[in-house]
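# Structural characterization, general
Listed below are the residues making up each chain.
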Amino acid sequence: MRIGIVILPDQRWPQARRRWQQVDAWGFDHAWTYDHLGWRDLVDGPWFDSMSTLTAAAMVTERVRLGTLVASPNFRHPAAFARQVTTLDDISGGRLLLGLGVGGIGFDSAVLGGETLPPRPRVDRFGEFTELLDLILREDGTTWRGDWFSAVDARNNPGCVQQPRVPFVMAANGPRSMRLAARFGQGWVTTGTGEEELTAWWDGVATLCAWMDRTLDEVGRDPASLPRYLSLDSAPVFSLRSADFFAEQVARAAALGFTDVITHWPRADSWYAGDEAVLVDVATRLLPELRTP
């Protein structure tokens, strides 16, 4: 089991830098930040850009993999984003994991003044976004005209450090997005199905795992070729409520076939409110035990 952590981009860099360096020193396998222009009720507080944050994090860490959880077409264009991705992959020495998702409703979908799309066209847009981004990152000189995006001779030179391109870790909770993950993903990440009771949430996660198994079978892909990431804090109980509770949740994820789990750095209040002492306990006492070879 690989263990990851999200550091929200809501702190000025002097404080954030210490957190990124600490998770690297503790031995977390991957560390992520949210790719939003603003997020839920935290939109009224401090918030910083994800790609700039990850670039800075790459400069002060050595081994931990770095990722977006998750980038979306709500405000990104594949041609411009591909340049940022290539640059960050280069600066990090090939440590980038590119989390990608459909893009939800809320601030990101409204701040640019466009319409808020219903679910089906959002998935249509995501499919085109993913396919074009994949193409630009792998081939130089891409010309494309689709329903949602266009590109004319988009370049990728010198290309990604990771070949043929950076890994896509694709968020998918529905059948169409799961097919995209099966086609383009080097990882699948899920948040569950939104139940408000813990046992029901885990039942929903198990159902999604079964759907993904069927999807991979339909496309003829070996399930072992797609790492599975679970965002533990999408559950109705914060995973770092206690160190023992965290260990229990990791064990439940492993039993369902997940290869990776992701928690969050505890905040003082609101989302992911918790005690940093629990994180320290998990990192120093449990992390070596939980991360199996």
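Residues numbered from 1 in each chain as written. Predicted model: local features only at pLDDT ≥ 70, side-chain atom pairs only at ≥ 80, totals over all residues. Heavy atoms only, no water.

### Focus: the pairing of strand 3 (residues 65–71)
Operational definition: For each residue, the accessible area found with a 1.4 Å probe, counting protein chains only, is set against the maximum for its type, and the residue is called buried under 20%, exposed over 50%, and partly exposed in between. Put simply, DSSP H or I for four residues or longer makes a helix, DSSP E for two residues or longer makes a strand, and each gets a number counted from the N terminus. When DSSP finds at least two bridges between two strands, those strands are taken to pair. Seen with its strands pointing away from the viewer, a crossover is right-handed when the path leading from the first strand over the helix to the second is clockwise.
Counting buried positions along strand 3 gives six out of seven residues, so the element sits mostly inside the fold. Relative to strand 3, strand 2 (residues 30–33) runs parallel, the two sharing four bridges. Residue pairing for strand 3: A31 is matched across the bridge by L66. Read as a crossover between parallel neighbours, the route from strand 3 over helix 3 (residues 78–91) to strand 4 (residues 96–100) is right-handed.

### Some points on unusual backbone geometry
Looking along the chain, the bond that leaves L69 and enters V70 is cis, with omega of -10 degrees. In this structure, V70 sits in strand 3. With an omega dihedral of 15 degrees, the bond running from N157 to P158 counts as a cis peptide bond. Even without glycine at this site, R40 takes up a positive phi of about 50 degrees.

### A look at the nonpolar core
For clarity, the threshold we go by: Definition used in this section: a nonpolar core is a set of buried Ala, Val, Leu, Ile, Met, Phe, Trp, Tyr and Cys residues joined via side-chain atoms within 4.5 Å. Should any heavy atoms of two residues lie within 4.5 Å, those residues are counted as being in contact.
Residues I3, F28, F81, L100, L133, F168 and W188 are the most contacted members of the largest nonpolar core, which totals 91 residues. Setting aside anything within four residues of it in sequence, one finds F81 in contact with M51, A71, R76, L98, L100, F129 and L133.

### Topic: the environment of A182
Examined against the element boundaries, A182 turns out to sit in helix 6 (residues 175–184). Sequence spacing of A182 and M212 is 30 residues, and the spatial spacing of their C-alpha atoms is 8.2 Å. Once residues within four sequence positions are removed from consideration, A182 is found in contact with T215, L216, V219 and R221.

### Some points on the UniProt feature "domain: Luciferase-like" (unreviewed entry) in the protein chain
Short version of the rule: UniProt positions are given in the numbering used here, feature names are shortened, and annotations may be inferred rather than shown by experiment.
UniProt annotation of "domain: Luciferase-like" (unreviewed entry) refers to residues 1–216 when read in the numbering used here. Annotated as residues 1–216, this span is 43% helix and 18% strand, and its ends, taken at the C-alpha atoms, are 21 Å apart.

### Things to note about the sheet that holds strand 7 (residues 168–171)
The cut-off we apply is this: Axis lines are fitted through C-alpha atoms, for helices just across the contact stretch, and the angle between N-to-C directions can take any value from 0 to 180 degrees.
Strands sit in the order 1-2-3-4-7-8-9-10 around a closed barrel of eight strands; the barrel is parallel. Here the average twist between neighbouring strands, direction ignored, is 25 degrees. Pairing of strand 1 (residues 2–6) with strand 2 involves three bridges; the strand directions are parallel. Bridge assignment links I5 to a residue of strand 2, and that residue is A31. Helix 1 (residues 13–26) rests against strand 1, strand 2 and strand 3 of the sheet, and its axis sits at about 155 degrees to strand 2. Helix 8 (residues 243–255) rests against strand 1, strand 9 (228–231) and strand 10 (260–264) of the sheet, and its axis sits at about 150 degrees to strand 10.

### A short note on the packing of helix 3 against helix 5 (residues 119–138)
Packed helices, taken two at a time, are described by the angle between their axes plus the distance between the axes. Going by this rule: Comment on the angle field: the value is read as roughly parallel under 35 degrees, roughly antiparallel over 145, roughly perpendicular from 65 to 115, and oblique elsewhere. Note on convention: the crossing is left-handed when the near helix lies turned anticlockwise from the far helix by less than a right angle, right-handed when the turn is clockwise. In this count, Pro and Cys sit with the nonpolar residues alongside Ala, Val, Leu, Ile, Met, Phe, Trp and Tyr, while Asp, Glu, Lys and Arg are called charged and the others, Gly among them, polar.
It is at 9 Å that the axes of helix 3 and helix 5 come closest, and there the two elements cross at 50 degrees. Of the possible angle classes, the one that applies to helix 3 and helix 5 is oblique. Crossing geometry of helix 3 relative to helix 5 is assigned as right-handed. Contact residues: P78, A79, F81, A82, V85 and T86 in helix 3; F129, L132, L133, I136 and L137 in helix 5. Across the contact of helix 3 with helix 5, the residue classes break down as 10 nonpolar, one polar and no charged.

### Some thoughts on the packing of aromatic side chains
Convention followed: Only rings of Phe, Tyr and Trp enter the pairing, Trp through its six-membered ring, and a pair is recorded when the two centres are within 6.5 Å. The plane angle decides the type: under 30 degrees is stacked, over 60 is edge-to-face, the rest tilted.
Taken as a whole and judged by the stated rule, the model has 12 aromatic pairs. Where F238 meets Y272, the ring centres are 6.3 Å apart and the plane angle is 40 degrees; that geometry is what we call tilted. One end of the pair, F238, is in the loop between strand 9 and helix 8; the other, Y272, is in the loop between strand 10 and helix 9 (276–290), and 34 residues separate them in sequence. Just as F238 is buried, Y272 falls in that class too. The interplanar angle of 55 degrees and the centroid separation of 6.5 Å between the aromatic rings of W271 and Y272 together place this pair among those described as tilted. The buried category is assigned to Y272, whose relative accessible area is 13%.

### Examining the pattern of salt bridges
This is how the line gets drawn: Between Lys or Arg on one side and Asp or Glu on the other, a salt bridge is scored when a side-chain nitrogen of the former is within 4 Å of a carboxyl oxygen of the latter.
Scanning the entire structure with this criterion turns up 12 salt bridges. Among the ionic pairs, D124 bridges to R176, the shortest N-O distance being 2.2 Å. Separated by 52 residues along the polypeptide, D124 in helix 5 and R176 in helix 6 bring together distant segments of the chain. Exposure remark for R176: the relative accessible area of 24% places this residue in the partly exposed category. When the shortest N-O distance is used, the salt bridge between D213 and R228 registers 2.5 Å. Of this pair, D213 sits in helix 7 (residues 198–219) while R228 sits in strand 9, and the two are 15 residues apart along the sequence. Judged by its relative accessible area of 36%, D213 falls in the partly exposed class. Taken together, the shared-partner salt bridges in this structure form one network comprising D134, R138, E139 and R165.

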